[in-house]
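The lines below spell out each chain.
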Amino acid sequence: MERCEFIEQCGFYQRFATKNSAAWRGLFDSYCCGRLVRYCERYRLYRSETVSFSDDMMPNGRNVPSAFKLLL
Ligand code: SF4
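These lines cover the structure that appears in this document, whether it is placed above or below. Each residue is numbered by its place in its chain's sequence as written, counting from 1. With the structure being a predicted model, the display of local features is reserved for residues of pLDDT at least 70 and the display and counting of side-chain atom pairs for 80 or more, all residues being used for whole-chain, interface and lining totals. Based on all heavy atoms of the structure, the side-chain values leave hydrogens and waters out of the count.

### With respect to the packing of aromatic side chains
Between 30 and 60 degrees the pair is tilted, below 30 it is stacked and above 60 it is edge-to-face, where a pair is any two Phe, Tyr or Trp rings, Trp via its six-membered ring, whose centres lie within 6.5 Å. On inspection of all chains with the given rule, the structure shows 10 aromatic pairs. Through a chain of ring-to-ring contacts, the aromatic side chains of Phe12, Tyr13, Phe16, Trp24, Phe28 and Phe68 assemble into a single cluster.

### Considerations on the site of the ligand
As a matter of local geometry, the ligand sits amid 13 residues, with Cys4, Cys10, Cys32, Cys40 and Tyr43 nearest to it. Where helices and strands are cited, they refer to DSSP runs of H or I of at least four residues and of E of at least two residues respectively, numbered from the N terminus. If you list the elements that add at least two residues to the shell around the ligand, you get helix H1 (11-16), helix H2 (22-32) and helix H3 (41-47). At three residues, the largest contribution of residues to the shell around the ligand is made by H3. Among the residues making up the shell around the ligand, the classes are represented as 12 nonpolar, no polar and one charged. Only heavy atoms are used to decide nearness, and a residue is near a molecule or strand if one of them lies within 4 Å of it. Ten residues, namely Ala, Val, Leu, Ile, Met, Phe, Trp, Tyr, Cys and Pro, are considered nonpolar, four, namely Asp, Glu, Lys and Arg, are considered charged, and the remaining ones, Gly among them, are considered polar.

### What to know about the pattern of salt bridges
Every case where a carboxyl oxygen of Asp or Glu lies within 4 Å of a side-chain nitrogen of Lys or Arg is listed as a salt bridge. Counting across every chain of the model gives six salt bridges. For the salt bridge of Asp56 with Arg15, the shortest nitrogen-to-oxygen distance reads 2.5 Å. Linking Asp56 in the loop between H3 and helix H4 (66-70) with Arg15 in helix H1, this pair joins segments that are 41 residues apart in sequence. Given the relative accessible area of 46%, Arg15 is considered partly exposed. Note that Glu41 is salt-bridged to Arg44, the shortest N-O span being 3.6 Å. Here Arg44 and Glu41 lie together in helix H3, a separation of three residues that amounts to about one turn. Partly exposed describes any residue whose relative accessible area lies between the buried limit of under 20% and the exposed limit of over 50%, with all areas from a 1.4 Å probe on protein chains only and scaled to the type maximum.

### A few points about H2
Residues Trp24, Leu27, Phe28, Tyr31 and Cys32 constitute the buried set of H2. Projected down its long axis, H2 carries its buried residues within an arc of 90°, all on one side. Contacts between residues were defined by any pair of non-hydrogen atoms, one from each residue, lying within 4.5 Å. Those residues of H2 hidden inside the fold are in contact with H1 and H4. Here the arc refers to the directions that run from the helix axis out to each C-beta atom.

### Points about the side chain of Asp56
In this structure Asp56 comes out as buried when scored by relative accessible area, which is 13%. Pairing of N or O atoms within 3.5 Å defines a polar contact, subject to two protein rules: one partner must be a possible hydrogen donor and the other a possible acceptor, and residues neighboring in sequence count only if both atoms are side-chain atoms. In terms of polar contacts, Asp56 uses its side chain to reach the side chain of Arg15, at 2.5 Å. Setting aside anything within four residues of it in sequence, one finds Asp56 in contact with Arg15, Phe16, Arg42, Arg62, Asn63, Val64 and Lys69.

### Focus: the nonpolar core
Remark: nonpolar core denotes a set of buried residues (Ala, Val, Leu, Ile, Met, Phe, Trp, Tyr, Cys) joined through side-chain atoms within 4.5 Å. Counting 22 residues, the largest nonpolar core has Phe12, Trp24, Leu27, Phe28, Cys32 and Val64 as its most contacted members. Listing elements by their share of this core, those giving two or more residues are H1, H2 and H3.

As structure tokens, this is what we get:
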């Protein structure tokens with residue numbers, strides 16, 4: 001299992017990692033602890049040492065939809 005090297009500093013992961021619904025777990029299992037890590041837009045920004053971007057930005061580069069935030 002891969003694990004993103006930025007997981008400790010990633011604001012998105014740190015903010016939402018306690019989410020437990022299938023949609024959220026699927027996201028974390030695919031990107032943060034899975035094979036899609038290199039396709040994560042946040043990962044690319046961390047690698048390019050871009051430091052200023054929202055914790056709400058998802059791996060696909062878009063902000064978390066409000067309905068998605070309501071999921072546990
Ligand atoms: S959201 Fe992206 S940068 Fe953050 S921990 Fe997951 S894979 Fe890494």
